[in-house]
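# Secondary and tertiary structure notes
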Amino acid sequence: MTPVLPEFVPTRVLKRAQYEAFAFELLDGDVRVRNESYADPTAHEYRVRIRDGVPHLCSCPADASGDGPCKHRVAVAIRPQVLELAVQMRVVADGGSTSSGDDDTTDLPCECEQLSEALPCWNCVDAGRRDLSE
């Protein structure tokens, strides 16, 4: 298994990532982390960017100024369900697929007539019936 964070995470950061009352929201393949431990949680809300299945960057000041990952990145990393959902959402948002393609689903119908003649619909491109370069 590939680690999702560097091997060295300060104990204090790891403990805070475990016990603070974080709420998670998926955002186009990233995760909004809100710390509900504060009186005004909306003032403690940050976006954790996911890159290649890893919490890569956080919008909090600690992540920008620290040597290691912040507690928000660690909080996402230690919750595999949240991280996996974010990765799946990123794949779908990028036009990919989370399935292996052998699920016996039928192709979606053509919707090209609703678009300009030069532009095929996504259903036709995805099914391989038309190419974007046509």
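The rules behind each value
- Residues numbered from 1 in each chain as written.
- Predicted model: local features only at pLDDT ≥ 70, side-chain atom pairs only at ≥ 80, totals over all residues.
- Heavy atoms only, no water.
- 1 Å grid on protein atoms, 1.4 Å probe; cavity = no way out; pocket = protein on both sides within 12 Å on 5 of 7 lines; lining within 4 Å.
- Points joined across faces, edges and corners; volume = space filled by probe spheres on them.
- Helix = DSSP H or I, 4+ residues; strand = E, 2+ residues; numbered from the N terminus.
- Core = buried A, V, L, I, M, F, W, Y, C linked by side-chain atoms within 4.5 Å.
- Buried < 20%, exposed > 50% of the residue type's maximum accessible area, 1.4 Å probe, protein only.
- Contact = heavy atoms within 4.5 Å.
- Arc of directions from axis to C-beta.

### As for the layout of surface pockets
- Taken as a whole, the second largest pocket spans an internal volume of roughly 240 Å³.
- Surrounding the second largest pocket, 18 residues form its lining, Val13, Cys60, Ala62, Cys70 and Lys71 being those nearest its centre.
- Of all the secondary structure elements, the ones that give two or more residues to the lining of the second largest pocket are helix H1 (11-19), helix H2 (61-65) and helix H3 (71-77).
- Here the lining of the second largest pocket gets three residues from one element, more than from any other, and that element is H1.

### Re the nonpolar core
- Among the nonpolar cores identified, the biggest contains 18 residues, and Val31, Val33, Val48, Ile50, Cys58 and Val76 are the most heavily contacted of them.
- For this core, the secondary structure elements donating two or more residues are H1, strand E2 (30-35), strand E3 (45-51), H3 and helix H4 (80-93).
- With near-sequence residues (within four places) excluded, Cys58 lies in contact with Tyr46, Arg47, Val48, Asp63, Cys70, His72 and Arg73.

### Focus: H1
- Where H1 is concerned, the buried positions are Val13, Arg16 and Ala17. The buried residues of H1 all sit within an arc of 100° when viewed along its axis, so they share a single face. Exposed and oriented more than 90 degrees from the buried face of H1 are Thr11 and Tyr19.
- Where H1 is buried, its residues meet strand E1 (22-27) and H3.

### Some words on unusual backbone geometry
- Even without being a glycine, Asp28 presents a positive backbone phi close to 50°.
- Tracing the backbone shows Asp28 in the loop between E1 and E2.
- Looking at Asp28, the relative accessible area reads 55%, which means it is exposed.
- A positive phi angle is found at Asp52, which is not glycine, with a value near 55°.

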